[in-house]
Amino acid sequence: MEPPPLPLLSGACVACTLGMFATGLTDLRQMFRTRSVENIQFLPFLTTDVNNLSWLSYGCLKQDWTLITVNAIGAALQTLYILVYLYFSPEKRRVLLQSVALLGVLTLGFCYFNLLTPDVDVRLAHLGLFCSVFTISMYLSPLAALAKVIRTRSTRCLSFPLTVATFLASASWTLYGLQLNDLYIMVPNVPGIVTSILRLWLFWQFPPDQDKLYKPLQA
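Cut-offs and rules
- Residues numbered from 1 in each chain as written.
- Predicted model: local features only at pLDDT ≥ 70, side-chain atom pairs only at ≥ 80, totals over all residues.
- Heavy atoms only, no water.
- 1 Å grid on protein atoms, 1.4 Å probe; cavity = no way out; pocket = protein on both sides within 12 Å on 5 of 7 lines; lining within 4 Å.
- Points joined across faces, edges and corners; volume = space filled by probe spheres on them.
- Helix = DSSP H or I, 4+ residues; strand = E, 2+ residues; numbered from the N terminus.
- Nonpolar A, V, L, I, M, F, W, Y, C, P; charged D, E, K, R; others polar.
- Axes fitted to C-alpha atoms, helices over the stretch in contact; angles between N-to-C directions.
- Parallel < 35°, antiparallel > 145°, perpendicular 65-115°, else oblique.
- Contact = heavy atoms within 4.5 Å.
- Buried < 20%, exposed > 50% of the residue type's maximum accessible area, 1.4 Å probe, protein only.
- Salt bridge = Lys/Arg side-chain N within 4 Å of Asp/Glu carboxyl O.

A. A look at the layout of surface pockets. The calculated volume of the largest pocket comes to roughly 1,500 Å³. Around the largest pocket sit 44 residues that line it, and P44, T48, P142, L162 and R199 are the ones nearest its centre. Secondary structure elements with two or more residues in the lining of the largest pocket: α1 (6-22), α2 (24-34), α3 (43-62), α4 (65-88), α6 (120-140), α7 (143-152), α8 (160-180) and α10 (190-205). Looking at the lining of the largest pocket residue by residue, the class counts come to 20 nonpolar, 20 polar and 4 charged.

In structure tokens, the structure reads:
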């Protein structure tokens, strides 16, 4: 069986990943509607922005327009989420400190990859390894939430649209990396597939409607 054509995979990667990023628009709408950041976490915006900017650098170095397009739009969206969160947050000092720390990390990374690593191939390998490790850590970070779901037998803390979008995006990028024979793209997206399947299984085991059935009994 021949692998899917690269343009088709590129389109799937762009569409599925932008769909995943767009799930943050729900939080954006909530912040504007309530004029607060209650029940909205800041760190996912920040870490996703770092991830997008890192992969954007990798895409520019490799001249991969699929990576460039997706991560440029993703970085712009995450930066917008961060600015809106900062505007409505009552803890502006904490948010600013975390954002400044991000800028410091990005500056150090820029100096290392562009000034201390002149060889392009070595720079590409080091940057790809950094992006891969960071992406894997992002995909594995929600495991604590999954443990909470199993313990409470409730999936209210999970987003079904985000889970589906993450599965499709991870699968698309895994195939894309396989097509290009790029392990730095392929390998870090495999955990995204695994954790998404696990979350879908939890939705099947503990459907959201189940919570409504239990509430009257608990009351």
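Back to the write-up after that little detour.
B. Highlighting the packing of α1 against α2. Between α1 and α2, the shortest axis-to-axis distance is 5 Å and the interhelical angle comes to 25°. As judged from the angle between their axes, α1 and α2 are roughly parallel. Here M20, F21 and A22 of α1 lie close against α2, whose contacting residues are G24, L25 and T26. Among the residues making up the contact of α1 with α2, the classes are represented as 4 nonpolar, 2 polar and no charged.

C. Region of interest: unusual backbone geometry. Phi angles above zero are rare outside glycine, and R35 is one such case at about 55°. Along the chain, R35 falls in the loop between α2 and α3. Exposure remark for R35: the relative accessible area of 54% places this residue in the exposed category. The backbone phi angle of N181 is positive, close to 60°, even though this residue is not glycine. You can see N181 is positioned in the loop between α8 and α9 (183-186).

D. Focus on the pattern of salt bridges. Summed over the entire model, instances satisfying the criterion amount to 2 salt bridges. Measuring nitrogen to oxygen at the nearest pair gives 2.2 Å for the salt bridge that ties D182 to K62. Pair noted here: D182 is in the loop between α8 and α9 and K62 is in helix α3, with a separation of 120 residues, a long-range link. Note that R94 is salt-bridged to E91, the shortest N-O span being 2.6 Å. According to the relative accessible area criterion, E91 is partly exposed, its value standing at 43%.

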